[in-house]
Amino acid sequence: MSLFDLVRHDDFDLFDDVFGTPLYNEPSIMKTDMRDLGDAYEMEIEMPGVDKKDIKLSLYNGNLNVEAHYNHNKEEKDEHGNVVHQERYSGHFARSYFVGEDIKENDIHVKFENGLLTLQIPKQERLDNNQVKYIEIQ
């Protein structure tokens, strides 16, 4: 089973999730690109303005969950040190990707640089559900 095989899991389709209808009203949140590297898939998730310490990755029942928090304060002062403009905003966003139930956390390689989270996830052998499988009697 692989990310690009249009894996269906409880009516969840990774390909449609990533490339189909956005899960959020804000189109700039966690834009994701995927590439086939031959023996693995590479996902790049945009997270501008997020610090590495504020990203949480988890794996549960074949789902890779990506969460991030952000807090930003912007303050502009005049030449006398008086605040003339101040903005504060914070938020949380999350996204889940089905990667397969046989993937373990140490199979996924992750790096974060310049607001770009890059994950390499190994391909899994696709099971042919139409193939007869024999069960040994003991």
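Scroll up a little and you will see the structure.
Residues numbered from 1 in each chain as written. Predicted model: local features only at pLDDT ≥ 70, side-chain atom pairs only at ≥ 80, totals over all residues. Heavy atoms only, no water.

Peer 1: What is the right way to read the overall build of the protein from this model?
Peer 2: Tallying secondary structure elements over the protein gives one helix and nine strands in all. Each helix (α) and strand (β) of the protein, taken in turn from the N terminus, gives the series β-β-α-β-β-β-β-β-β-β. The buried share of the protein, reckoned over its 138 residues, is 28%. Restricting the contact set of the protein to residue pairs at least 6 apart, pairs at least 24 apart contribute 56%. (Helix = DSSP H or I, 4+ residues; strand = E, 2+ residues; numbered from the N terminus. Buried < 20%, exposed > 50% of the residue type's maximum accessible area, 1.4 Å probe, protein only. Contact = heavy atoms within 4.5 Å.)

Peer 1: Sorry, what's going on with the environment of Gly-91 here?
Peer 2: Here Gly-91 shows up in strand 7 (residues 83-98). A relative accessible area of 23% means that Gly-91 is categorised as partly exposed. Considering only alpha carbons, one finds Gly-91 and His-69, 22 residues apart in sequence, at a separation of 5.7 Å. Not counting residues up to four positions away in its chain, the partners in contact with Gly-91 are Ala-68, His-69 and Tyr-70.

Peer 1: Could you clarify how one ought to interpret the pattern of salt bridges in this entry?
Peer 2: When charged atoms on two side chains of opposite charge get close, those side chains can pair. Under the definition given, this model contains seven salt bridges. Residues Asp-36 and Lys-123 are paired through a salt bridge, measuring 2.9 Å at the closest nitrogen-oxygen approach. A residue pair is termed long-range when its members are at least 10 positions apart, and Asp-36 in strand 3 (residues 32-36) and Lys-123 in the segment after strand 9 (116-122) qualify at 87 residues. Here Asp-36 falls in the partly exposed class, since its relative accessible area comes to 43%. (Salt bridge = Lys/Arg side-chain N within 4 Å of Asp/Glu carboxyl O.)

Peer 1: What should I look at first to understand the pairing of strand 6 (residues 63-77) in this one?
Peer 2: Looking along a regular strand, one sees the side chains alternate between the two faces of the sheet. Sheet topology note: the strand 5 (residues 55-60)/strand 6 ladder contains six bridges and is antiparallel. Bridged to Tyr-60 within strand 6 is Asn-63. What sits between the antiparallel neighbours strand 5 and strand 6 is a turn of two residues, in which Asn-61 has the positive phi angle 55 degrees. Sheet topology note: the strand 6/strand 7 ladder contains 15 bridges and is antiparallel. Each bridged residue has a counterpart across the sheet, and for Asn-73 the counterpart in strand 7 is Arg-88. Between strand 6 and strand 7, which pair antiparallel and follow one another directly, the connecting turn spans five residues, one of which, Gly-81, has a positive phi of 85 degrees. (Pairing = 2+ DSSP bridges.)

Peer 1: How should the environment of Ser-58 be read in this particular structure?
Peer 2: Along the chain, Ser-58 falls in strand 5. When residues no more than four places from it in sequence are discounted, the contact partners of Ser-58 are Asn-63, Leu-64 and Asn-65.

Peer 1: Please explain the environment of Gln-120 as it appears in this structure.
Peer 2: Residue position: Gln-120 is located in strand 9. Residues Gln-120 and Ile-108, spaced twelve residues apart in sequence, show a C-alpha to C-alpha distance of 5.7 Å. Sequence-distant contacts of Gln-120, that is, excluding residues within four places in its chain, are made with Leu-37, Tyr-41, Glu-42, Asp-107, Ile-108 and His-109. Within the structure, the side chain of Gln-120 is placed 3.5 Å from the side chain of Glu-42, a separation counted as a polar contact. (Polar contact = N/O pair within 3.5 Å; in protein donor to acceptor, adjacent residues only side chain to side chain.)

Peer 1: Even after reading the chapter, I still don't get the nonpolar core, so can you show me in this structure?
Peer 2: Looking at soluble globular proteins, one finds that nonpolar side chains tend to be buried together. Among the nonpolar cores identified, the biggest contains 19 residues, and Ile-45, Met-47, Val-66 and Leu-117 are the most heavily contacted of them. Mapped by element, the contributors of at least two residues to this core are strand 4 (40-46), strand 6, strand 7 and strand 9. Setting aside anything within four residues of it in sequence, one finds Ile-45 in contact with Met-30, Lys-31, Thr-32, Val-66, Tyr-97, Gly-115, Leu-116, Leu-117 and Leu-119. (Core = buried A, V, L, I, M, F, W, Y, C linked by side-chain atoms within 4.5 Å.)

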